[in-house]
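Next come the chains, spelled out residue by residue.
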Amino acid sequence: MRDSAPRVVIVGGGFGGLAAAKTLRKADANVVVVDRQNHHLFQPLLYQVATSVLSPGQIASPIRNILRKQRNTTVILGEVTGVDIDQRCVFFDSVDREGVALGYDYLILATGASHSYFGHDEFARFAPGLKSLADAVSIRNHVLRAFEQAEAEEDPKRHRDLLTFVLVGGGPTGVEMAGALAILVRSTLRSEFRRVDPTSARIVLVDMAPRVLGPFAESLSAAARARLEQLGVEVRLGHGVDLIDADGVIAGSERIASKTVIWTAGVAPSPAGKWLKAPTDRAGRVRVQSDLSVPGHPEIFVVGDTASLDQDGRPLAGVAQVAMQQGRYAGRVIDRRIGGKAPPRPFRYFDKGTMAVVGKGFAVLQTGRLHLSGFLAWLAWAAIHLEFLAQSSLRVSVFVQWVWLYLTGQRGSRLIVDYDASSASDGQARRADATRSVPFHDRS
Ligand SMILES: Cc1cc2nc3c(=O)[nH]c(=O)nc-3n(C[C@H](O)[C@H](O)[C@H](O)COP(=O)(O)OP(=O)(O)OC[C@H]3O[C@@H](n4cnc5c(N)ncnc54)[C@H](O)[C@@H]3O)c2cc1C
């Protein structure tokens with residue numbers, strides 16, 4: 001690649017950023033992908049890591065490995081902290097340096113979203129969200145440790161709190177987590193404990209909306225709810241969560257005692273809007289034009305969860321397909337501009353449909369007028385998720401793992417691993433009653 005070729009900086013190697021980088025593979029440009037993680041993460045399967053179905057390495061791949069064949073592309077591990085739109089450079093913190101400046105001719109911001117606690121950041125301490133591999137492993141540790149704690153607990157009255165799992169948020173992530181937890185406790189763990197009965201674990205899904213899976217058709221929401229209830233999940237709708245503390249949650253003025261609360265309710269965009277001082281929507285997503293550029297800055301593009309664009313009068317959803325199609329589009333605009341070609345037509349999202357899985361062998365699928373629930377939808381869900389994993393090695397490994405789980409009920413990764421030794425008790429204080437004897441009877 002010519003050193004004098006224009007430099008395209010892409011911040012974020014998620015769905016949007018990676019799609020943009022791949023589209024630019026043959027462009028006469030120096031492409032630089034900067035991400036604070038060294039891996040591209042397939043977020044739709046995070047809940048399977050959190051519930052021990054898959055291991056972290058099965059849903060993520062190093063970004064530099066994915067892009068290794070692109071001679072015009074460099075990958076940098078660094079956290080972007082700001083953009084100077086006048087000087088045309090981004091600033092990032094690398095492994096050992098802060099505020100490193102990186103100039104650009106074109107910039108694509110694809111920095112995604114993080115959790116939103118809707119103004120209640122104090123909930124974060126007691127109700128972790130699910131966004132990164134670290135979150136998923138931490139939730140997995142917490143869930144598995146709750147069973148270990150209950151098995152070692154001689155006071156049966158405490159078993160109930162320890163084995164009550166509350167999920168806040170009835171969107172796809174909450175529904176998928178609840179279904180997967182139900183299968184974990186009712187099949188995989190059921191015969192492995194002596195003092196507690198894992199099948200008696202309580203799984204409660206709370207949402208202030210009147211139905212689960214709000215964006216889906218009502219019939220599919222109802223099917224998902226019925227399936228959850230069949231799996232033993234308590235679905236509590238119409239009440240927001242007023243409080244979350246170390247003892248559980250208060251929802252609709254009722255306290256639900258629990259030692260494991262998981263937040264699956266809201267997302268907030270990255271601070272890209274602040275970096276650019278650009279207009280944003282109410283959620284803080286950067287308002288982009290129909291070619292995905294920022295008003296007044298034809299050289300800056302924002303794509304994916306951190307961009308806001310209306311189509312047919314409605315904002316596009318924060319889903320992987322939107323991010324990928326926008327990433328590809330922004331890459332194409334830049335490629336054509338560099339090549340002196342006419343710009344493509346304005347961006348238009350092609351909706352291929354939405355789906356959510358509810359436990360084993362059951363999913364809901366909505367595409368155009370087709371509304372499907374049950375096993376067929378689950379097969380479609382499985383095939384599509386396999387297809388979109390970043391590398392063939394992951395596809396093979398996840399496929400084998402799913403078949404094994406389906407046939408035997410055995411999960412791939414049930415290890416409690418504390419990467420940080422200080423979190424070994426998940427922040428829960430040990431009670432000072434270690435001198436009490438612990439009679440190990442079979443629960444029967
Ligand atoms: C648990 C979960 C389940 C989901 N399930 C589905 C599903 O089933 N179907 C679906 O369509 N969508 C699903 N989504 C949504 C989907 O994952 C997102 O819409 C999609 O990832 C958005 O792509 P993106 O490129 O905008 O952001 P991301 O894919 O999140 O990528 C953002 C990238 O930017 C990097 N980054 C962020 N800030 C910085 C910074 N300051 N400096 C450097 N790098 C930075 C991050 O490390 C990350 O790699 C799910 C999301 C979650 C969290």
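Above this note sits the structure.
Remember, it's a predicted structure, so these values are computed and weren't measured experimentally.

Draft legend 1. Representation of the overall build of the protein within the structure. Counting secondary structure elements, the protein contains 11 helices and 27 strands. The globule rule puts the C-alpha radius of gyration for 444 residues at 22 Å, and the 23 Å found for the protein is close to it. Once the C-alpha set of the protein is aligned to its principal axes, its extents read approximately 75 × 50 × 45 Å. Considering only contacts within the protein whose residues lie at least 6 apart along the sequence, 65% involve residues at least 24 apart. Carbon and sulfur atoms provide 53% of the accessible area of the protein, an area that totals close to 21000 Å². With 53 positive and 44 negative side-chain charges, the protein shows a separation of 7 Å between the mean positions of the two kinds.

Draft legend 2. Region of the structure containing a positive patch on the surface. Together, K22, R328, R332 and K352 make up a region of like positive charge exposed at the surface. Relative to the assigned elements, K22 resides in helix α1 (residues 15–23). Owing to a relative accessible area of 34%, K22 belongs among the partly exposed residues under this scheme.

Draft legend 3. Seen up close, unusual backbone geometry. Although it is not a glycine, L213 adopts a positive phi angle of roughly 50°. Relative to the elements of secondary structure, L213 occurs in the loop between β12 (202–207) and α7 (218–230). According to the relative accessible area criterion, L213 is buried, its value standing at 0%.

Draft legend 4. Representation of the pattern of salt bridges in the model. Evaluation of the coordinates by the stated rule reveals 13 salt bridges. One salt bridge connects R158 with E153, and the closest N-O pair in it is separated by 2.8 Å. A relative accessible area of 4% places E153 in the buried class. Residue D247 pairs with K259 through a salt bridge whose shortest N-O separation is 3.3 Å. One end of the pair, D247, is in the loop between β14 (241–245) and β15 (248–251); the other, K259, is in the loop between β16 (254–257) and β17 (260–263), and 12 residues separate them in sequence. Connected through salt bridges with shared partners, the residues R202, E234, R236 and E254 form a single ionic network.

Draft legend 5. How the structure looks around the site of the ligand. Around the ligand, a shell composed of 27 residues is seen, among which G16, D35, Q43, V80 and D305 lie nearest. Within the backbone of F15, a nitrogen or oxygen atom sits 3.2 Å from an oxygen atom of the ligand. Residue G318 places a main-chain N or O atom 3.0 Å away from an oxygen atom belonging to the ligand. For the ligand, whose accessible area on its own is 1000 Å², the fraction buried by protein is 88%. When residues of the shell around the ligand are traced back to their parent elements, those giving at least two are α1, β6 (79–84) and α9 (320–338). Looking at the shell around the ligand residue by residue, the classes come out as 10 nonpolar, 12 polar and five charged.

Draft legend 6. Local environment of the side chain of R285. The residue R285 is located in the loop between α8 (272–276) and β19 (286–287) in this model. Assessed through its relative accessible area of 13%, R285 is described here as buried. Within the structure, R285 has its side chain in polar contact with the backbone oxygen of A307 (distance 3.5 Å). With residues up to four places along the chain from it excluded, the contact list for R285 reads P269, P279, T280, D305, T306, A307, S308, P315 and L316.

Draft legend 7. A look at the pairing of β16. The pairing of β15 with β16 spans four bridges and is antiparallel. Following the sheet pairing, G248 is matched in β16 by A257. Between the end of β15 and the start of β16, which pair antiparallel, lie two residues, with G252 showing a positive phi angle near 55°.

Draft legend 8. Just the sheet that holds strand β21 (residues 297–302), in detail. Spatial ordering of the open sheet is given by β5-β2-β1-β9-β21-β20, a layout of six strands whose pairing is mixed. The open sheet has two edge strands with one neighbour each: β5 (73–77) and β20 (293–294). Where strand β2 (residues 30–35) and β5 come together, five bridges link them in parallel fashion. Its bridge partner lying in β5, D35 is registered against L77.

Draft legend 9. Quick peek at the packing of aromatic side chains. Here the structure, examined in full by the defined rule, presents 10 aromatic pairs. Their ring planes at 45° and their centres at 5.8 Å tell us that F147 and F193 sit as a pair that is tilted. Here F193 lies in the loop between α6 (172–188) and β12 and F147 lies in helix α4 (residues 133–152), a separation of 46 residues in the sequence. What makes F147 buried here is its relative accessible area of 0%. Taken together, the aromatic side chains of Y117, F118, F123 and W263 make up a single cluster linked through ring pairs.

Calculation criteria
Residues numbered from 1 in each chain as written. Predicted model: local features only at pLDDT ≥ 70, side-chain atom pairs only at ≥ 80, totals over all residues. Heavy atoms only, no water. Helix = DSSP H or I, 4+ residues; strand = E, 2+ residues; numbered from the N terminus. Rg over C-alpha atoms; globule rule 2.2 N^0.38 Å. Contact = heavy atoms within 4.5 Å. Areas by Shrake-Rupley, 256 points an atom, 1.4 Å probe, with all protein chains shown as cover. Lys, Arg positive; Asp, Glu negative; His and termini not counted. Charge placed at Lys NZ, Arg CZ, Asp CG, Glu CD. Patch = residues over 30% accessible without salt bridge, like charges linked within 9 Å, V, L, I, M, F, W, Y side chains within 5 Å. Salt bridge = Lys/Arg side-chain N within 4 Å of Asp/Glu carboxyl O. Buried < 20%, exposed > 50% of the residue type's maximum accessible area, 1.4 Å probe, protein only. Near = heavy atom within 4 Å. Polar contact = N/O pair within 3.5 Å; in protein donor to acceptor, adjacent residues only side chain to side chain. Nonpolar A, V, L, I, M, F, W, Y, C, P; charged D, E, K, R; others polar. Pairing = 2+ DSSP bridges. Phe/Tyr/Trp six-rings, centres within 6.5 Å; stacked < 30°, edge-to-face > 60°.

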